[in-house]
Every structure is written in C-alpha cells, then in structure tokens.
Amino acid sequence: MSSLKTFPLEQHPYRIQPGQHIDLGTYPTRDDELFSGDKSDGKDAMNALADQIGDLQEMLYAQSKHKFLFVIQAMDTGGKDGTIKDVFESVNPQGLRCEPFKKPTSKELAHDYLWRIHKKAPGKGELVIFNRSHYEDILAVRVREIAPESVWSKRYDHINDFEKMLSDEGCAIVKILLHISRDEQKERLQARLDDSAKHWKFNPSDLDDRALWPKFMNAYQDVLAETSTDHAPWYVIPADRKWYRNLAVGSIVADTFRSLKMSFPEPDFNPAGITIE
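Reference entry: report on the structure contained in this document. (Residues numbered from 1 in each chain as written. Predicted model: local features only at pLDDT ≥ 70, side-chain atom pairs only at ≥ 80, totals over all residues. Heavy atoms only, no water.)

## A word on the packing of helix α5 (residues 136-143) against helix α7 (residues 155-168)
Piece 1. Look at α5 against α7: their axes get within 10 Å of each other, and the N-to-C directions meet at 165°. Considering the angle they form, α5 stands roughly antiparallel to α7. Of the two elements, α5 crosses α7, and the hand of that crossing is left-handed. Between α5 and α7, the residues in contact are Asp-137, Ile-138, Val-141 and Arg-142 and Arg-155, Tyr-156 and Ile-159, respectively. (Axes fitted to C-alpha atoms, helices over the stretch in contact; angles between N-to-C directions. Helix = DSSP H or I, 4+ residues; strand = E, 2+ residues; numbered from the N terminus. Parallel < 35°, antiparallel > 145°, perpendicular 65-115°, else oblique. Left-handed = near helix turned anticlockwise from the far one by under 90°. Contact = heavy atoms within 4.5 Å.)

Printed below as a string of structure tokens:
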C-alpha cells in the first residue's frame, strides 16, 4: 500500500513562495507527487489523516493558545464544500466555525471591505474555515469590473498587512486554491444538470463565470504572486481527483497543526490526590 509522502511545509511542492511568478496553465490539476496509490488506498489514508486532524484540533481547543485560519478558494465546482467535509470530518464542532462569504449585504458595503472579514477571524483555541474569503474583494471585483483597478490593486497590500497582524497575534494561516481544469468543471456542471438531486447546486450564473475563465486565471495568478507570504502561504492543489485533493489538503492542515508544537494544558490540581467515591 502506498504511503503519503511528507515534506517540510516551507518546501512543500504545492506551496507558492513569496514573489514567485505564477502561470496556472503550467500547474497540474492531476498529480501523484504526494501519493501514488489508487483511489481506495487514498481514501484509507485520508481516513487515518482525518483522525489525526481531529486529535490535533482537540489539542488546539484545549490549550486555547493558538488560532488557526483556513482559507479555501476555487472556481465554481472546484470542490470547496467537499474538501471541508472530508478533511475536517473528525473535528469537534465545538472548536470549529465555517464562515461562507457571499455577496456583501448593504450593511457590509457601508463599511470597509475587511470589516465583515475581521470579525469572523478565529479566537484563541478556534479553527475557522473561510469558504471563499476576503480575496473575493480582489478576484470578483476585478474580473466582474465592480470597481476600477485603482481600487482593487491597493488591496494586495491591505490584505498582506491584515494577515500579518493576525499572524503576529498568534494565528496560523493556510490558504488553499483548489486547481481544477476547465474540462473537469464542464463535467461537474453537467453532472449537476443530469441529476435532479443536484439541481439545487446549479446556478445559471456559474456559466457567466465560466465564460470569464481566462480572466479569473489571470486574477488568481496575481493574487498568488502578491499575497503568498511566509506567514500566510498559498498552496495550489491539483483538484481534478477528489480523493487526492483531500489527501493533499489534509496533509498540509495536519503539518500546520504540528508546527504549532501544541500540548494539552497541565492541570492546576494533583490528579493522583483525588479519590472519587
């Protein structure tokens, strides 16, 4: 049975280095760099990894010292929801929040664009998932021409400063781009149309964004190059195969948890001195 390869986080094959030039057309959407086994072996490995993530998150919650922000972005059908479900299936909901960021409300638009983001950031002991994120205020705003370049181009620095502040305050940050091919997206969209139980997942506006694929790729490339930092790195995950995607993301999450060097808190009493009648 194949085993999951491990790399130091700083040298992870899917990690974007600060200032690295990005051409997403050269990045694989299918790969076996981390795991060369088949789907069945991959699912077994993911089950074991999910249990490890659950144990590590329990330690995060118990120690209540560190914070963990997990950001996930993708094109439509990229697999954000499935990744969250499978990677974090063993996590105790008590220490977890999943925050989806959709179209801003009128109240949110009355504030600066990071206002709604900051108040959702994790507190001590929390694991928080951003399903889409503050990066939509560059990506969608740019591609759909909601605001001029003079507005969105300043946001790279804003976001870098924001994430540096979170990091300085004890927050570990992992940012994931699920990288699927345009052909794979076509198959997934068609599957939603062919299955009546999945019609709720299909939005005709997804086709509008599909038509803008090249513009979205250019926008993502710039985001990756401008905002992947040592304290808040981006990882581009080959995501055409769901089971491999889950393994790749899960391994990064687990290794990031371990990098925090956590431990369960010592009791402020002597357990050996207590007798329960």
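## A word on the nonpolar core
Piece 1. Counting 79 residues, the largest nonpolar core has Phe-70, Phe-88 and Ile-176 as its most contacted members.
Piece 2. Here the element with the most residues in this core is helix α11 (residues 242-259); it accounts for 9 residues. (Core = buried A, V, L, I, M, F, W, Y, C linked by side-chain atoms within 4.5 Å. Buried < 20%, exposed > 50% of the residue type's maximum accessible area, 1.4 Å probe, protein only.)

## Remarks on a positive patch on the surface
Piece 1. A cluster of basic residues, Lys-39, Lys-43, Lys-198, Lys-201 and Lys-242, forms a positive patch at the surface.
Piece 2. Positionally, Lys-242 belongs in helix α11.
Piece 3. A residue is classified by how much of its surface remains accessible, and Lys-242, at 48% relative accessible area, is partly exposed. (Patch = residues over 30% accessible without salt bridge, like charges linked within 9 Å, V, L, I, M, F, W, Y side chains within 5 Å. Areas by Shrake-Rupley, 256 points an atom, 1.4 Å probe, with all protein chains shown as cover. Salt bridge = Lys/Arg side-chain N within 4 Å of Asp/Glu carboxyl O. Lys, Arg positive; Asp, Glu negative; His and termini not counted. Charge placed at Lys NZ, Arg CZ, Asp CG, Glu CD.)

## What about a nonpolar patch on the surface?
Piece 1. Among the surface-exposed residues, Phe-269, Ile-274 and Ile-276 lie close enough to one another that they form a single nonpolar patch of about 370 Å² accessible area.
Piece 2. Note that Ile-274 resides in the segment after α11.

## Regarding α5
Piece 1. Within α5, 7 of the 8 residues are buried, which leaves the element mostly enclosed by the surrounding structure.
Piece 2. Taken residue by residue, α5 has Glu-136, Asp-137, Ile-138, Leu-139, Ala-140, Val-141 and Val-143 as its buried positions.
Piece 3. Where α5 is buried, its residues meet β2 (67-74), α4 (115-118), α6 (149-152), α7 and α10 (213-227).
Piece 4. Just downstream of α5, Glu-145 is the residue with a positive phi angle, here 55°.

## Digging into the sheet that holds strand β6 (residues 234-238)
Piece 1. Taken in spatial order, the 6 strands of this open sheet run β1-β6-β5-β2-β4-β3, and their pairing is mixed. With one partner strand each, in any of the chains shown, β1 (15-16) and β3 (96-100) form the two edges of the open sheet.
Piece 2. Here β2 runs beside strand β5 (residues 171-179); their pairing, made up of 8 bridges, is parallel. Bridged to Phe-68 within β5 is Ala-172.
Piece 3. Contacts from α10 reach β1, β2, β5 and β6 within the one sheet, and its direction differs from that of β6 by about 140°. (Pairing = 2+ DSSP bridges.)

## Some points on helix α1 (residues 39-63)
Piece 1. A rise of 1.5 Å per residue sets the reference length of α1, with its 25 residues, at 36 Å; its end C-alpha atoms lie 36 Å apart and thus fit the reference within 8%.
Piece 2. Within α1 the residues assigned to the buried category are Gly-42, Ala-45, Met-46, Leu-49, Ala-50, Ile-53, Gly-54, Leu-56, Gln-57, Met-59, Leu-60 and Gln-63.
Piece 3. Looking at the buried positions of α1, the neighbouring elements they touch are β2, α2 (80-87), β3, β4 (127-131) and α11.
Piece 4. The distance from a side-chain oxygen at the start of α1 to the backbone nitrogen of Ser-40 is 3.3 Å, and the residue carrying that oxygen is Asp-38.
Piece 5. Count one or two residues on from α1 and you reach Ser-64, which has phi positive near 50°. (Expected span 1.5 Å × (residues − 1). Polar contact = N/O pair within 3.5 Å; in protein donor to acceptor, adjacent residues only side chain to side chain.)

## A closer look at the packing of aromatic side chains
Piece 1. Taken as a whole and judged by the stated rule, the model has 7 aromatic pairs.
Piece 2. Judged by centre distance (4.7 Å) and plane angle (55°), the ring pair of Phe-68 and Phe-257 falls under tilted. Taken together, the positions of Phe-68 in strand β2 and Phe-257 in helix α11 put the pair 189 residues apart, joining distant regions of the chain. Assigned by exposure class, Phe-68 and Phe-257 land together as buried.
Piece 3. With centroids separated by 6.0 Å and ring planes inclined at 80°, the aromatic side chains of Trp-243 and Tyr-244 adopt a geometry described as edge-to-face.
Piece 4. Residue class for Trp-243 comes out buried when judged on its relative accessible area of 9%.
Piece 5. The exposure class of Tyr-244 is buried, given its relative accessible area of 2%.
Piece 6. Through pairs of rings, three or more aromatic residues link up here, namely Phe-35, Trp-243 and Tyr-244.
Piece 7. For Lys-119, the ring lying beneath its charged end belongs to Trp-115, and the centroid distance is 3.7 Å. (Phe/Tyr/Trp six-rings, centres within 6.5 Å; stacked < 30°, edge-to-face > 60°. Lys NZ or Arg CZ within 6 Å of the ring centre and 35° of its normal.)

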